Amino acid sequence: MKEKAVGLWNRIATKENKQIAKNVLLILLVSRLFYIFIGCVTNSAFGNNITFAKMFLGGDADWYIKIAEKGYSLSGSIKPGDGQANWAFFPLFPVSIRLFKYIFFFLNYAQAGIFLSLIYVYIMGIFLVKTVRLYKPDRLGYFAVVLVYMGPYSFYLHCVYSETLFMMLIAVFFYYLKKEKGNINNYWISAAAAMLASCTRIVGVILVFPLVLQMYLDLYEGRITFGKLGSFIVHMFKNPVKILQVFLCPAGIFVNMMHLYYVTGDAWAFRNVQAAWREDGAGWVGNMIWGFFNNIYAERYWIPLVMILAIIVYVYMLKCRYYSEVLFAVITLIIPFTGGVMSMCRFIAGSYVVYIGLYDYFADKKDLKWLAVFLAVVMEAFLIWLWFTAGVNAFTA
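From a predicted model like this one, the values you see are computed outputs, not experimental measurements. (Residues numbered from 1 in each chain as written. Predicted model: local features only at pLDDT ≥ 70, side-chain atom pairs only at ≥ 80, totals over all residues. Heavy atoms only, no water.)

A few words on the overall build of the protein chain. Summing up its helical and strand segments, the protein chain has 20 helices and 0 strands in all. Looking at the protein chain as a whole, 50% of its 397 residues qualify as buried. Across the protein chain, the fraction of contacts at a sequence separation of at least 24, relative to all contacts at a separation of at least 6, is 71%. A total of about 19,800 Å² of accessible surface is found on the protein chain, and carbon and sulfur atoms cover 68% of it. (Helix = DSSP H or I, 4+ residues; strand = E, 2+ residues; numbered from the N terminus. Buried < 20%, exposed > 50% of the residue type's maximum accessible area, 1.4 Å probe, protein only. Contact = heavy atoms within 4.5 Å. Areas by Shrake-Rupley, 256 points an atom, 1.4 Å probe, with all protein chains shown as cover.)

The next subject is the nonpolar core. With 132 residues, the main nonpolar core has Tyr35, Met124, Tyr149, Tyr153, Phe174, Phe328 and Tyr352 as its most contacted residues. Non-local contacts of Tyr149, meaning those with residues more than four positions away in its chain, are made with Val24, Ile27, Leu28, Ser31, Val121, Tyr122, Met124, Gly125, Ser154 and His158. (Core = buried A, V, L, I, M, F, W, Y, C linked by side-chain atoms within 4.5 Å.)

Take unusual backbone geometry next. Phi is positive for Tyr153, close to 70°, though the residue is something other than glycine. Structurally, the position occupied by Tyr153 is in the loop between helix H6 (142-150) and helix H7 (155-158).

Along the chain, Ser351 falls in the loop between helix H18 (344-350) and helix H19 (353-362). By relative accessible area, Ser351 is classed as buried at 1%. A polar contact of 2.7 Å, which involves the side chain of Ser351, links it to the backbone oxygen of Ile348. Among all residues touching Ser351, those that are not within four sequence positions of it are Ile170, Tyr314, Phe328 and Thr332. (Polar contact = N/O pair within 3.5 Å; in protein donor to acceptor, adjacent residues only side chain to side chain.)

Set out below in structure tokens:
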């Protein structure tokens, strides 16, 4: 047992991995200081009086902290007309905060959430570097980390939001999905990551589709041929381990549904309560395009622009044969339309794979790459200013 543990540590603590860990940590610290700096500037210039702790606890963070501390509300505790309830938030993230608080008992729940979110983001950055190096082994890959840590909508990663855990799980999922496989068991890590992701955000359920697609691509040497679909189905039924790995992916959401049925009597409470967060006609893309030319200081009017840029990136990725990543990204893009598009930018940034596409395009374009970083950081500074000045209302109203 000791020898296995030592062997595992030696595989993890390689010279390359140590260097990646150091550089990613440096980028993360710089990005966090940048975020705090913008917060201090807005405090000074606009008299916002935002406390240091509150910089990391905006928006949904309060919901997650309260769930971690007090658990989910029983159906009888919600008064008629209250509208929003904490059933909309998936349990794995607040549960992990509670466990972290239990281990580090000297922290309060808010502090535990801040530190744990930072750890999740750090691990995600490490796996992002390792993933892009699978595609471009001759490149360092840190440009991708700069984009995800300091690009548009990265402020969600500096707050106590479920995106921190979710994006870490997606990073693990795609790294082991794309890593060269020696046998069938290599899918287990991706399947486990997908299962945990489906208990973190509803989008995690979608990971079952890129897993199945990647199984198909691995079987037929990366080629998509509809004529092989029948033989692929036969192959799957002849390999019960793969079937089990596929069914493991969405298991997390069923755990959440059973829990909600116990708490509220409604297994679909997470979906039904979403009506309290939906917007009126102002959430439609056409109105946002019109509104963009009248009020660029409301974040929601930037949504069409971000959507167009994301679609361009996904088309490029499809051309470069990132089939599994694009499948996940496209379905993620569709989901916000089921309840209004106010969260569209959050879904796009939180899908993670857009950064793989951006890295692939800019990796070999040195001058253009740094221009892209400059523009991304400037846009993020503007969004952080909105976040601190108008709070979450700037992103929902």
